[in-house]
Amino acid sequence: MANFETMTINMGPQHPSTHGVLQLVLELDGEIVVKATPHVGFLHRGVEKLSEHRTYHQVLPLTDRLDYLAPMHNNLGYVLAVEKLLGLTDAIPERAQVVRVMLAELTRIKSHLVWLACHALDIGAMTVFIYCFREREHIMNFYEKISGARMTSNYFRVGGLSADLPDGIEQEIRQFIDDMPGHIATYEGLLTGNKIWQKRIQGVGVISAEDAIDLGVTGPSLRGSGVDWDLRRDQPYSGYENYDFEVAVSDGCDTWARYHARLKEMRESCKIIRQALDKLKPGPILADAPKICLPPKKDVVNSIEGLIHHFKIVTEGFKPEPGEVYVGVENPKGEVGFYIVSDGSPRPYRMKIRSASFVNLQALPKMCEGSLIADVVAVIGTLDIVLGEIDR
Amino acid sequence: MSAQVAVDKLKAQFGETVLTVSEFRGETTVVVKKDEIVAICAFLKKELGYNFLTDLCAIDYLGQAPRFMIVYQLYNIGIHQRLRIKAAVDESDARIDTVSCVWATANWLERECYDLMGIVFNNHPDPRRILLAADWVGHPLRKDYPVQGPDREPYQGRLQ
């Protein structure tokens, strides 16, 4: 028998505010959400299964396609996990470490720009969207110059980087981060004092620190609830301990607090990039591990050792000793972790990806039940989910 | 408090239930019996401060007994320390108690584990598939599930 007390509607998977293919089944009492049930999996490609059938170097391009708004972070988490498995962590050259940090932070700005653009657009502030994408285009161009691709960069390698930075890119990045704080001020000028923006996000999507920890929320969504935890500072990787930055924490527990936390994070990222540019010195970009790292092209065509190593690595891969490692990195969305189990073969025996968006999305019913249906749009925006990462 | 201290306290509390402790690349792994997994997790959370369940997954050791290993990645936000708990599950009785009563985040992680690996979680509040369609047959992350799908011949390369 039909239930006339409440009405059940589908929001998504084809809905502009669901940022991909997220389906929410909403049970409504008038305008009030009584129950929200997320349905995910529409983009499931079986990355974990595929990775069991590829060598360690071949798995890397799969990781780009998880969180496609922050591909460098996924690459970074994966290569760090494999390097830890190999015991290669301390052998990574300084230049590779610094470039990794610099690009990871550029990626954070890029990802946060998409968050702000789409979040504001969903709520009705169109102008911010155009401005954010204007700045994002600069980072996309850096990506293209550095890695050859705008989205799926696949630039980091186990042991270092795939190629050195192109000439002149450092000045361009420096120019960009000199301009960026002014752009962030522009976004704030458009939004922070805007009455509509305030009304739409203040007190919306409230989640307490205890609930957020219980539900496994990480990243800026957790720091917006006042939890001072950032893996870059608390479990530093890739040399983050050498950089001076603040962890962006905001106390409000609502969408407004998370908005401020992410804006501050973008400013801190600019600081880190500037420090990285100052640290950047010429030097090797690959670890001295010829059985693991693919040799540079000039060695492949000019030396017999290079050719043999290249052939062996491409046809057979390398074999880490049996064991298991977990490495978590601070993705723009939260903690992305790679748990790799090796059985001594050239392929991961099991690779589990801890996806930040997947776990964060679990908090969505808690954050929007009891509020208006229009607030669901704000909550999806503030969680900053990427379906490619959720569905894997 | 290092992970060793936590492991010692865990051993003192649960004795025989803690089977082995190993360390690899600075990461501590504790293998426990599956019977008391909820009590162990509750103890780790309340007494030892491992308040954050980072991840939960299963590994399929096809051909070995017990076949499955359930892995819990824990994190202590207070002292920033990780600990890994593992519990073996046999193929004939591929079930283990849910820890979603200890950490709410386990709800979806266990659903994913059931969906892709076919481990049943006793007393789970919402035991549905999550990533695959509700009528999907099989559990793709099992080692005996072919990578190209159940009804297709394996790809032999273009020359075949």
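All values derive from a computational prediction rather than experimental measurement.

> Residue-level account of the nonpolar core, with values.
Looking at soluble globular proteins, one finds that nonpolar side chains tend to be buried together. Counting 162 residues, the largest nonpolar core has A:A81, A:V82, A:I340, A:V376, A:V379 and B:L74 as its most contacted members. With 16 residues, the single largest contributor to this core is helix α4 (residues 94-123) of chain A. Dropping the residues within four chain positions of it, A:V82 is found in contact with A:Y56, A:V158 and A:I340.

> Let's hear about the interface of chain B and chain A: which residues, and what values?
As a measure of interface size, the accessible area lost when the parts come together is often cited. Facing the 26 residues of chain B at the interface are 33 residues of chain A. Those elements giving two or more residues to the side of chain B that touches chain A turn out to be β3 (52-60), β5 (81-89) and α3 (106-117) of chain B. If one sorts the elements of the side of chain B that touches chain A by residue count, β3(B) sits on top with six residues. Classifying every residue of the side of chain B that touches chain A by side-chain character gives 15 nonpolar, six polar and five charged.

> Kindly report on the packing of helix α6 (residues 169-191) of chain A against helix α11 (residues 255-279) of chain A, identifying the contributing residues and their values.
Residues and elements named next belong to chain A. Interaxial distance between α6 and α11 falls to 10 Å at its minimum, and their mutual angle equals 165°. Relative to α11, α6 is oriented roughly antiparallel. For the crossing formed where α6 meets α11, the hand is left-handed. Contacts between α6 and α11 involve E170, I173, R174, I177, M180, P181, I184 and E188 from the first element and L263, M266, R267, C270, I273, R274 and L277 from the second. Looking at the contact of α6 with α11 residue by residue, the classes come out as 10 nonpolar, no polar and five charged.

> Describe the sheet that holds β5(B), naming the residues involved and giving the relevant values.
Residue and element names in this part refer to chain B. Read across the sheet, five strands follow the order β1-β2-β5-β4-β3 without closing on themselves; strand pairing throughout is mixed. Both edges of this open sheet fall to β1 (18-24) and β3, since each of them pairs with a single strand only. Here the strands of the sheet are splayed against their neighbours by 20° on average, with no regard to which way each runs. When strand β2 (residues 27-32) meets β5, the two strands line up parallel, connected through four bridges. In the sheet register, T29 faces β5, and the bridge partner there is R84. Docked against the sheet, α3 engages β3 and β4 (68-76), running at close to 10° with respect to β3.

> With reference to specific residues and values, describe the packing of helix α2 (residues 56-64) of chain A against helix α3 (residues 71-86) of chain A.
Residue and element names in this part refer to chain A. Contact geometry for α2 and α3: axes closest at 8 Å, N-to-C directions at 150°. The orientation of α2 with respect to α3, classified from their angle, is roughly antiparallel. Crossing of α2 against α3: the hand is right-handed. Along the contact surface, α2 presents Y56, V59, L60, T63 and D64, while α3 presents P71, N74, N75, Y78 and V82.

> Describe helix α5 (residues 126-147) of chain A, and please don't skip the residues or the numbers.
One full turn of an α-helix is made of 3.6 residues, so residues set three or four places apart face in the same direction. Residues and elements named next belong to chain A. Helix length check: α5, at 22 residues, gives a terminal C-alpha distance of 31 Å against a target of 32 Å (1.5 Å per residue), a fit within 8%. Buried-residue contacts for α5 involve α4 and α6. Looking one or two residues past α5, G148 carries a phi angle of roughly 90°, positive in sign.

Reading the values: rules and limits
Residues numbered from 1 in each chain as written. Chains lettered and ligands numbered in written order. Predicted model: local features only at pLDDT ≥ 70, side-chain atom pairs only at ≥ 80, totals over all residues. Core = buried A, V, L, I, M, F, W, Y, C linked by C-beta atoms within 7 Å. Buried ≥ 20, exposed ≤ 12 C-beta atoms within 10 Å, placed from the backbone. Helix = DSSP H or I, 4+ residues; strand = E, 2+ residues; numbered from the N terminus. Contact = placed C-beta atoms within 7 Å. Nonpolar A, V, L, I, M, F, W, Y, C, P; charged D, E, K, R; others polar. Axes fitted to C-alpha atoms, helices over the stretch in contact; angles between N-to-C directions. Parallel < 35°, antiparallel > 145°, perpendicular 65-115°, else oblique. Left-handed = near helix turned anticlockwise from the far one by under 90°. Pairing = 2+ DSSP bridges. Expected span 1.5 Å × (residues − 1).

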